[in-house]
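# Geometric and topological summary
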Amino acid sequence: MSEEPTLVVSKIRSGTVIDHIPAGKALDIISVLGIAGKEGLRIAILMNVESKKLGKKDIIKIEGRRLSPEDVSAIALIAPTATINIIEDFAVVEKYKVMVPNIVMDVLVCPNPTCISNKKGEAIRTRFRLTSRDPLKLQCEYCGTIISGDEVVRLVIRKR
Amino acid sequence: MKETTFYHHDVLSMLDFRREDLELLFNYTEEMHKYTNTKLSLLLGKVVSLAFFEPSTRTRLSFEVAAKRLGADVISITGEESLSISKGESLADTIRMLDTYSDLIVIRHRYEGAARYAAEIAEHPVINAGDGKQHHPTQAMIDLYTIKKLFGTIDGLSYGVLGDLRYGRASTSFIYGLTLFKPKKLYLISPESLRVREEVLQVLKERGIVFEEKRSLGEVIGELDVLYVIRIQKERIPDPMEYEKVRGSYKVTLDLLKYAKKELKILHPLPKVDEIDERIDNTPYAAYFIQAKYGVSVRMALLALVLGAEP
C-alpha cells in the first residue's frame, strides 16, 4: 500500500481493496459503487498517496463488500489502472487488474436522448460495445452513438 | 431456400447483410415484379403486423400491399395516440402482444434502437421500417435495386448523397448499403451542421470506401452518376433555431444540372419538400418515381424470404 510511513490505515478482515486508482478518482468510484457512508461499512479512502507506478494514487478499502461484475466494469472505465484485491482473514486471496469488457452492460447511460435505452417505462439494460481500448471508445448497441475519453467517465451510472 | 440469411431473421440494419444477400433479394424482386398486380397465396395463413408509431404513408402502404399480394393478413397500429400506448403502455408490452398475434412485425418508431429492442423481445422476426435517425434498411434495399435496374450495376459508379445526413435515416442506410458494394467514389454533401454522424464515418473508414465530405453540390455535380437527395429532417432537429439556420440551405436546380453528366440519375426516398426543383420531375434525371414504384416488389421479396416462401 502506501510507502508513506506516517499514514497508517489498519488492515481489513474481509472485503475489497481497490488499489492503483489514478490520483483524484477515488470519490468518483465511491459514487458509482453507490456508497453513501450510511451503510455501516468500514471504509478507508486514501487519496494522493505516493506510488512507484503512478507517482500518486488513490486507494479504497471497503470492509464487508464484494464487487459485482458491473461494479468492476464501472471501475475499469473510470480507473483503467486499478487493481482489485479480495481480502479474507486479513490475507489477499485474489488479486486482479480491472479490464473493460468487450460488452459493457448496465454501467453507462447513453448520451443520446432519443436512444431507446433512454425511453421511460421500458425495462431495458444499456449495452455498449468496446470498439477501442486505447484511446477508449465505446458504441451504444441500440442507437450506434460512439462515446470516448472523459465523456465515458461522465456517463457511468452513479448509484448514489 | 430456408438457408438464406433472411429466413426467420430480423432486418434491422444494412450492416447485418452481405452483398450476396442483396443479390438474392434482387433476384427475388425480379420474380415478384410479375405478380405485383395479382394475389398470390405464398403467405396464406400468415399474419403480418404493421406497428407504425411514427407517421408514414409510402412505407406503411407498400408493406401492406406487399403482404396482401402475397396472401398474408395484415393487422396494424398507426400513430401512438390511437393506442393503449397513449395510456402509458410500454413498447415492450405492445411488442409482446403483436408477437402473439402475428408471424412477423414491421416496426417504425422515433427512438433509435427501437427495432433492435423489439427484436430482442419478439420471438418472430422484426423488420425495421425506420428507427429515429438511425436505420431504414428496406428503403436502402429499394434504392440499391433501383440503381441496379438503371445502370445494370452498383459498383464503379460515383455517388453524391446530398442533404441532412446527420438526422436522415434513409441516407444513413443508403450509405451503409453502398459499403456492401464497390462504389468508385462517394461524396457526402451537406451543410456543416448536418454532416454524417461519427459512427457512419467510422464504418466508411473501416470498409475502405473512398469518400469525401463536401459543402456544396456545385463542387462535384459533374462527376456524379447517382445523386441521392434527402429533405431536412425538421422533426428530428432538437433546436428550432438550428432548423431555421439550415432551412433552404441546399437545392438541386436546373441550372446546376447543366454541369451534370447526361446519364445522371437523381434518387430521393420521398416525401420531398423543396430540395429538388419540381421542374426536374419531368426530366430524364428524375428517378425517384421509378424508385417509389419498386417499393412493393422489393418488400414482397423481402417478406417472402424472411418467412421462407418460394416465389
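Residues numbered from 1 in each chain as written. Chains lettered and ligands numbered in written order. Predicted model: local features only at pLDDT ≥ 70, side-chain atom pairs only at ≥ 80, totals over all residues. Heavy atoms only, no water.

## Describing the overall build of chain A
What counts here: Runs of E in the DSSP output that reach at least two residues are strands. Runs of H or I that reach at least four are helices, and both are numbered from the N terminus. Every radius of gyration here is taken over C-alpha atoms, with the globule rule written as 2.2 Å times N^0.38, N being the number of residues. Working definition: with a 1.4 Å probe on protein chains only, accessible area under 20% of the residue-type maximum means buried, over 50% means exposed, and in between means partly exposed. We call two residues in contact whenever any of their non-hydrogen atoms come within 4.5 Å of each other. Each accessible area value is a Shrake-Rupley result obtained with a 1.4 Å probe; residue values ignore everything except the protein chains displayed when judging cover.
Scanning chain A from terminus to terminus reveals 3 helices and 9 strands. Ordering the α and β elements of chain A from the N terminus gives β-α-β-β-α-β-β-β-β-β-β-α. Here the C-alpha atoms of chain A give a radius of gyration of 17 Å, agreeing with the 15 Å that 2.2 N^0.38 yields for 160 residues. Taking the principal axes of its C-alpha atoms as reference, chain A extends roughly 50 × 30 × 25 Å. Within chain A, the fraction of its 160 residues that count as buried is 48%. When contacts within chain A are restricted to residue pairs at least 6 apart in sequence, long-range pairs at least 24 apart make up 61% of them. Here chain A has roughly 8100 Å² of accessible surface; of this, 53% comes from carbon and sulfur atoms.

## Digging into the UniProt feature "binding site: Zn(2+)" (unreviewed entry) in chain A
The condition that has to hold: UniProt positions are given in the numbering used here, feature names are shortened, and annotations may be inferred rather than shown by experiment.
Look at the UniProt record and you will see "binding site: Zn(2+)" (unreviewed entry) annotated at Cys110, Cys115, Cys140 and Cys143 of chain A. The largest pairwise C-alpha distance within this set of annotated residues, which runs over 34 residues, is 8.9 Å, so the set is compact in three dimensions. Relative to the elements of secondary structure, Cys115 of chain A occurs in the loop between β6 (103-105) and β7 (127-132). Once residues lying within four places of it in the same chain are set aside, the contact partners of Cys115 of chain A are Cys110, Cys140, Tyr142 and Cys143 of chain A together with Tyr111 and Glu112 of chain B. Checked against the element boundaries, Cys143 of chain A lands in the loop between β8 (137-140) and β9 (146-148). On the accessibility criterion, Cys143 of chain A (3% relative accessible area) is buried.

## Thoughts on the confidence of the model for chain A
As a reminder, the rule being used: Per-residue confidence from the predictor is reported as pLDDT, which spans 0 to 100.
The pLDDT averaged across chain A works out to 92; a share of 95% of its residues lies at or above 70. The least confident element of chain A is helix α3 (residues 150-155) of chain A, whose mean pLDDT is 93; the most confident is β8 of chain A, at 98.

## Topic: the packing of helix α2 (residues 58-69) of chain B against helix α11 (residues 295-307) of chain B
All names here are of chain B. Applied cut-off: Convention adopted: a line fitted to C-alpha atoms gives each axis, helices being fitted over their contacting stretch, and angles between N-to-C directions are expressed from 0 to 180 degrees. Angles are sorted into four bins: roughly parallel if under 35 degrees, roughly antiparallel if over 145, roughly perpendicular if 65 to 115, and oblique for all others. By definition, turning the near helix anticlockwise from the far helix through less than a right angle yields a left-handed crossing, and turning it clockwise yields a right-handed one.
Orientation of α2 relative to α11, taken along the N-to-C sense of each, is 55 degrees, at an axis distance of 8 Å. With respect to α11, the axis of α2 lies oblique. Crossing hand, α2 versus α11: right-handed. Across the interface between the two elements, Arg58, Thr59, Ser62, Phe63, Val65, Ala66, Ala67 and Arg69 from α2 touch Gly295, Val296, Arg299, Met300 and Leu303 from α11.

## Some words on the environment of Ile77 of chain B
Mapping Ile77 of chain B onto the fold places it in strand β2 (residues 73-78). Each C-alpha atom of the pair Ile77 of chain B and Leu50 of chain B lies 6.1 Å from the other, and the pair is 27 residues apart in sequence.

## Considerations on a nonpolar patch on the surface
Stated formally: Residues enter a patch when their relative accessible area is above 30% and they make no salt bridge; the linking distance is 9 Å between like charges and 5 Å between nonpolar side chains (Val, Leu, Ile, Met, Phe, Trp, Tyr). Basic side-chain nitrogens of Lys or Arg form a salt bridge, by our definition, when they fall within 4 Å of a carboxyl oxygen of Asp or Glu.
The grouping of Leu27, Ile45 and Met47 of chain A at the surface amounts to a nonpolar patch, some 240 Å² of accessible area in total. Looking at where Met47 of chain A falls in the secondary structure, it is placed in strand β2 (residues 43-51).

## Details of the interface of chain B and chain A
How big an interface is tends to be stated in terms of accessible area lost as the parts join. Note the following rule: Note on terms: buried area is the combined drop in 1.4 Å-probe accessible area of two parts once they are placed together, counting the loss on both. Gly is placed with the polar residues, together with every amino acid not listed as nonpolar (Ala, Val, Leu, Ile, Met, Phe, Trp, Tyr, Cys and Pro) or charged (Asp, Glu, Lys and Arg).
Contact with chain B, which involves 17 residues of that partner, is made by 19 residues of chain A. Interface of chain B and chain A: buried area, both sides summed, is about 1400 Å²; carbon and sulfur atoms make up 48% of it. Seen at the junction of chain B and chain A, the total is 2 salt bridges. Across the salt bridge formed by Glu120 of chain B and Arg127 of chain A, the nearest N and O atoms sit 2.8 Å from each other. Sorting the residues of the side of chain B that touches chain A by element identifies α3 (91-101), α4 (114-121) and α7 (198-206) of chain B as the ones contributing at least two each. For the side of chain B that touches chain A, the leading source of residues is α4 of chain B, giving 4 residues. When grouped by side-chain class, the residues that make up the side of chain B that touches chain A number 5 nonpolar, 5 polar and 7 charged.

## Observations regarding the environment of Ser73 of chain A
Residues and elements named next belong to chain A. Structurally, Ser73 is set in helix α2 (residues 69-78). Sequence spacing of Ser73 and Pro101 is 28 residues, and the spatial spacing of their C-alpha atoms is 6.8 Å. For Ser73, the contacting residues outside a window of four places in its chain are Pro101 and Val107.

## Structural notes on the pairing of strand β1 (residues 15-22) of chain A
Successive residues of a regular strand alternate their side chains across the two faces of the sheet. All names here are of chain A. Short version of the rule: When DSSP finds at least two bridges between two strands, those strands are taken to pair.
Of all 8 residues making up β1, 7 are buried, and the element is well covered by its neighbours. As paired strands, β1 and strand β4 (residues 83-88) are joined by 5 bridges and run antiparallel to one another. If you follow Thr16 over to β4, its bridge partner there is Ile86.

## Looking at the packing of aromatic side chains
Residue and element names in this part refer to chain B. Just so we agree on the cut-off: Here is the rule: rings of Phe, Tyr and Trp (six-membered ring for Trp) pair when centre to centre is within 6.5 Å. Planes less than 30 degrees apart are stacked, more than 60 are edge-to-face, and the remainder are tilted.
Within this structure, the stated rule accounts for 6 aromatic pairs over all chains. Both rings, one in Tyr145 and one in Tyr294, keep their centres 5.1 Å apart while their planes meet at 85 degrees; by these two values the pair is edge-to-face. Highlighted residues: Tyr145 in helix α5 (residues 137-151) and Tyr294 in the loop between α10 (288-293) and α11, separated in sequence by 149 residues. No difference in accessibility class separates Tyr145 from Tyr294, as the two residues are buried. An angle of 10 degrees between the planes, with centres 4.2 Å apart, marks the rings of Phe174 and Tyr228 as stacked. In this pair, Phe174 is assigned in helix α6 (residues 169-178) and Tyr228 in strand β8 (residues 226-229), connecting sequence segments 54 residues apart. Tyr228 shares its class with Phe174; the two are buried. The rings of Phe26, Tyr145 and Tyr294 are connected pair by pair, giving a single aromatic cluster.

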